Amino acid sequence: MRVLVAPDKFAGTLTAVEAAEAVAAGWHRHAPDDEIDLAPMSDGGPGFVDVLHATLGGELLAVTVTGPTGAPTPATLLVVDDTAYVESAQACGLHLTGAQGGEQATTRGVGELLAAAIGTGVRRVVVGLGGSGTSDGGAGLLAGLGATADVPLDEGPAGLDGIGTIDLAAARERVAGVEVVVASDVDNPLSGLFGAAKVFGPQKGLTEERLVVVDAWLERFAEVAGRRTALEPGAGAAGGLGFALLLLGGTRTPGIGLVTDAVGLPARARAADLVVTGEGAFDFSSRAGKVPAGVAAVAEQAVRPCVALAGAVLVGAREMRALGMESAYSVVDLVGEERAFADPAGSLADLAERVARTWSR
Ligand SMILES: Nc1ncnc2c1ncn2[C@@H]1O[C@H](COP(=O)(O)OP(=O)(O)O)[C@@H](O)[C@H]1O
Ligand SMILES: O=C(O)[C@@H](CO)OP(=O)(O)O
């Protein structure tokens, strides 16, 4: 039997590559003769560059950029032919800000990363969005590329309070002649009920009262910088980085689709008998745009069953099927929360061994 293993990262415990390897190790304990094809995945968030490098090869270039709280932060660009890939979470990820709300946290480093990518002379730069700890509407990115305003653009959303004017000419000049592709994991607008602060603020540590304040800063920023662009799908990805990149002429594409195509997932699914995906928490936010739903859609096209192995499964059977999944299995249900976090790779392997008993033939 051939099994395609295509998980996302398990945020905080396993990278996508580690998760795929753990699943393969456990599966082989039960079914040593099964052929396993490892395809670690990303939707534009953490792991984007690693996952693409593992499949596409290319050259990795190390750079140091300004982190979300100002500290020098290492990041890596991937250059493949005339395209550079940049992962915004490396410069402003939640792992760098901690759950502090990010009211002063900046995306300046993402602008620096983009500038470094453009500096390599490529024709196209793909920016992966997701997993950010910031909510600055991408103002920091614009500052990192030379934009100026009557308020500081690189002091987080708090710095935008009372903004009246912005000049994007220098930033637009900096990206002129380069195609900017915005690979985002969500299609939310910048502000409002479905905006960056309201929907993704809580996971960054913003309290109910502060969400409203940050949303109002973003709303005002949108009025000054580009109201219509703020409503476009994906403007609210990565705390509004999508907005800034769209203002600079970027075009949005779902990150999962970009990665799926880049790693040739449809053909690999057709060559398999079963597709296995997974992520840390399988919940209803795992809908369209996220790795498990994207992998399930590819499996469906290939007429192959798809199952999910997750740290925790937080949806019922009906929702799981709506997400295209035949079954979803939980590490926590098998080994308990303590062991799941103490030995994430070992316990995911144990779960995979169990699942192989049901699915391998
Ligand atoms: N090994 C694990 N076992 C159980 N739960 C995990 C494990 N790793 C991560 N998680 C849970 O998954 C959550 C992250 O969800 P995940 O789907 O990986 O990321 P996101 O939703 O940010 O894309 C974590 O907050 C944690 O509760
Ligand atoms: O960075 C963020 O604000 C969100 C949405 O883009 O990412 P994730 O869905 O990975 O939590």
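Notes on the structure in this doc start here.

Basis of the calculations
Every chain begins its residue count from 1, and numbering advances along the sequence as written. Just so you know, chain letters begin at A and ligand numbers begin at 1, following the order they were written in. At least 70 in pLDDT is required for a residue's local features to be given in this predicted model, at least 80 for side-chain atom pairs to be given and counted, and no such filter applies to totals for whole chains, interfaces and linings, which use all residues. For two strands to be treated as a pair, DSSP must find no fewer than two bridges joining them. Per the convention used, a helix needs a DSSP run of H or I reaching at least four residues, while a strand needs a run of E reaching at least two, with both numbered from the N terminus. Counting other C-beta atoms within 10 Å of each residue's C-beta, where C-beta atoms are placed from the backbone, gives the exposure class: buried for 20 or more, exposed for 12 or fewer, partly exposed between. We call two residues in contact whenever the C-beta atoms placed from their backbones are within 7 Å. By this rule the span expected of a helix is its residue count minus one, scaled by 1.5 Å. Being near a molecule or strand means, for a residue, that its C-beta atom, positioned from the backbone, comes within 6 Å of it. Gly counts as polar in this scheme, as do all residues outside two lists: the nonpolar Ala, Val, Leu, Ile, Met, Phe, Trp, Tyr, Cys and Pro, and the charged Asp, Glu, Lys and Arg. Lines fitted to C-alpha atoms define the axes, with helix axes restricted to the stretch in contact, and inter-axis angles between N-to-C directions lie between 0 and 180 degrees. Oblique is the label for any angle not under 35 degrees, not over 145, and not in the 65 to 115 range, which are roughly parallel, roughly antiparallel and roughly perpendicular in turn. We call a crossing left-handed when the near helix sits turned anticlockwise from the far one by less than a right angle, and right-handed when that turn is clockwise. Here a nonpolar core is just a set of buried residues of the types Ala, Val, Leu, Ile, Met, Phe, Trp, Tyr and Cys, joined wherever their C-beta atoms sit within 7 Å. Each domain's extent was defined by an automatic or database domain assignment. The handedness rule is simple: strands pointing away from the viewer, and a clockwise path from the first strand over the helix to the second, make the crossover right-handed.

Next up on the list: the pairing of strand S9 (residues 179-184). Bridge analysis of strand S6 (residues 124-128) against S9 gives five bridges, and the strand direction is parallel. Paired with Gly128 across the strands is Ala183, a residue of S9. Here four bridges tie S9 to strand S10 (residues 251-254), and the two strands are oriented parallel to one another. Across the sheet, Val182 pairs through a bridge with Arg252, a residue of S10.

What follows is about helix H13 (residues 255-262). Gly255, Ile256, Leu258, Val259 and Thr260 are the residues of H13 that are buried. On the buried face of H13, the contacting elements are helix H2 (48-56), S6, S9, S10, helix H14 (265-270) and helix H15 (291-301). Following H13 by one or two positions, Gly264 has its phi on the positive side, about 65°.

Here helix H1 (residues 16-30) spans 22 Å end to end across 15 residues, near enough to the 21 Å set by a 1.5 Å rise per residue. Of all the residues in H1, the buried ones are Ala16, Ala19, Ala20, Glu21, Ala22, Val23, Gly26 and Trp27. On its buried side, H1 packs onto strand S1 (2-5), strand S2 (35-38), H2, strand S11 (274-282), strand S12 (306-313) and helix H19 (344-359).

Surrounding ligand 1, one finds 15 residues, the nearest of these being Phe10, Ala11, Gly280, Ala281 and Gly311. Those elements that place two or more of their residues in the shell around ligand 1 are S11, S12, helix H17 (331-335) and helix H18 (337-342). The greatest single-element share of the shell around ligand 1, amounting to three residues, is contributed by S11.

Turning our eyes to something else, we now look at the site of ligand 2. Every residue near ligand 2 is listed here: Gly45, Leu129, Gly130, Gly131, Ser132, Asp185, Val186, Phe200, Gln203, Ala237, Ala238 and Gly239. By residue class, the composition of the shell around ligand 2 is five nonpolar, six polar and one charged.

Attention now moves to the packing of H1 against H19. For the pair H1 and H19, interaxial distance at closest approach is 7 Å and the crossing angle is 45°. Judged by the angle between their axes, H1 and H19 are oblique. H1 and H19 meet at a crossing whose hand is right-handed. Note on element contacts: H19 touches H1 through Ala345, Leu348, Ala349, Asp350, Leu351, Ala352, Glu353, Ala356 and Arg357, opposite Glu18, Ala19, Ala22, Val23, Ala25, Gly26, Trp27, Arg29 and His30.

Attention now goes to the nonpolar core. Core analysis: the biggest nonpolar cluster contains 116 residues, and Val23, Val127, Val275, Leu348 and Ala352 have the highest contact counts within it. Mapping this core onto the domain boundaries places at least three of its residues in each of domain 1 (2-41 + 263-359) and domain 2 (48-256). Val275 has contacts with Leu4, Ala6, Ala269, Val295, Ala299, Arg304 and Cys306, leaving out every residue within four places of it along the chain.

The next thing to look at is the pairing of strand S13 (residues 327-330). Pairing of S12 with S13 involves four bridges; the strand directions are parallel. If you follow Leu309 over to S13, its bridge partner there is Tyr329. In this fold, the crossover linking S12 to S13 by way of helix H16 (residues 317-322) has right-handed handedness.

Considering the arrangement of structural elements, one finds Gly240 in the loop between helix H11 (227-230) and helix H12 (241-247). A count of 35 C-beta atoms within 10 Å places Gly240 in the buried class. For the pair formed by Gly240 and Asp136, sequence separation is 104 residues and the distance between their alpha carbons is 6.4 Å. Excluding its chain neighbours within four sequence positions, the residues that come into contact with Gly240 are Ser135, Asp136, Gly137, Gly138, Leu190, Ala196, Leu218 and Ala235.

Next up on the list: the environment of Ser330. Checked against the element boundaries, Ser330 lands in strand S13. Among the residues examined, Ser330 registers 18 C-beta atoms within 10 Å and is labelled partly exposed. Separated by 206 residues in the primary sequence, Ser330 and Arg124 place their C-alpha atoms 40 Å from one another. Residue contacts for Ser330: discarding those within four places in its chain leaves Ala310, Ala312 and Val313.

Keep in mind these values describe shape, not function.
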